[in-house]
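Observations on the model geometry
Chain by chain, the residues:
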Amino acid sequence: MSDFGACLESGGFARVDLRVTDEGGFTLLKYAVRAGDDDTTTVMDECEVRTLRWVDWLYQTQPAAVRAQDATFEQALPGLITCLQAGGVPVDDGSPADEVKQVMLAYMNEHIPESSDSTGGNPAREPDAVCNCLVGAGLNGF
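Cut-off values and rules
Residues numbered from 1 in each chain as written. Predicted model: local features only at pLDDT ≥ 70, side-chain atom pairs only at ≥ 80, totals over all residues. Heavy atoms only, no water. Phe/Tyr/Trp six-rings, centres within 6.5 Å; stacked < 30°, edge-to-face > 60°. Helix = DSSP H or I, 4+ residues; strand = E, 2+ residues; numbered from the N terminus. Buried < 20%, exposed > 50% of the residue type's maximum accessible area, 1.4 Å probe, protein only. Lys NZ or Arg CZ within 6 Å of the ring centre and 35° of its normal. Contact = heavy atoms within 4.5 Å. Patch = residues over 30% accessible without salt bridge, like charges linked within 9 Å, V, L, I, M, F, W, Y side chains within 5 Å. Areas by Shrake-Rupley, 256 points an atom, 1.4 Å probe, with all protein chains shown as cover. Salt bridge = Lys/Arg side-chain N within 4 Å of Asp/Glu carboxyl O. Axes fitted to C-alpha atoms, helices over the stretch in contact; angles between N-to-C directions. Parallel < 35°, antiparallel > 145°, perpendicular 65-115°, else oblique. Left-handed = near helix turned anticlockwise from the far one by under 90°. Nonpolar A, V, L, I, M, F, W, Y, C, P; charged D, E, K, R; others polar.

The next point concerns the packing of aromatic side chains. What the rule picks out here adds up to two aromatic pairs. Taking the centre distance of 6.2 Å and the plane angle of 80° together, the rings of W54 and W57 count as edge-to-face. With W54 and W57 both in helix α3 (residues 53–61) and three residues apart, the pair spans about one turn of that helix. Accessibility expressed as a relative area gives 48% for W57, which makes it partly exposed. In this structure, K101 is placed above the aromatic ring of F73, and the distance from its NZ or CZ to the ring centre is 4.8 Å.

So, in structure tokens, the structure goes:
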């Protein structure tokens, strides 16, 4: 993580709000990046690829991390289902976590916007319903 911070600093950026969180018994390092003069996304992506990508991926996909993420998802499930239903995602009350995840993936795949159609082919439904519900439930993914 220190190499990532040094890379950001060399590009005119800085990590801010650095903190350690406990996510269901699994420790994660959280931070924000304060922008410099260049395109933040490009510099962050380049630094992440050079210094952090594979280590972070391995850390976040180890069995303890997966168990913690699954436990967090289970806790958020009732509210998530309610939000998904309100957003037009066809999921049943009481659906198990694995089924909800499959429904969310299918919904996102069906509503990928085409280049000529920014509504994802179905203007009656919100194409970002899944993402909005995940964020609303405090989840970074599933």
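And the narrative resumes.
This part is about unusual backbone geometry. Look at D17: it is not a glycine, yet its phi comes out positive at around 55°. The residue D17 is located in strand β1 (residues 14–23) in this model.

Moving on: the side chain of K101. Tracing the chain through its elements places K101 in helix α5 (residues 97–110). Contacts of K101, omitting those with residues within four sequence positions, involve D70, F73 and F142.

Where nonpolar side chains cluster on the molecular surface, the patch consists of M1, L18, V20 and L29 and spans about 350 Å² of accessible area. With respect to the secondary-structure elements, M1 resides in the segment before α1 (2–10). A relative accessible area of 32% places M1 in the partly exposed class.

This brings us to the packing of helix α4 (residues 63–86) against α5. It is at 10 Å that the axes of α4 and α5 come closest, and there the two elements cross at 55°. Here α4 is positioned oblique relative to α5, judged by the angle of their axes. Remark: the crossing between α4 and α5 carries left-handed chirality. Between α4 and α5, the contacting residues are D70, F73, E74, L77, L80, I81 and L84 on the first element and A97, V100, K101 and M104 on the second. The residue makeup of the contact of α4 with α5, split by class, is eight nonpolar, no polar and three charged.

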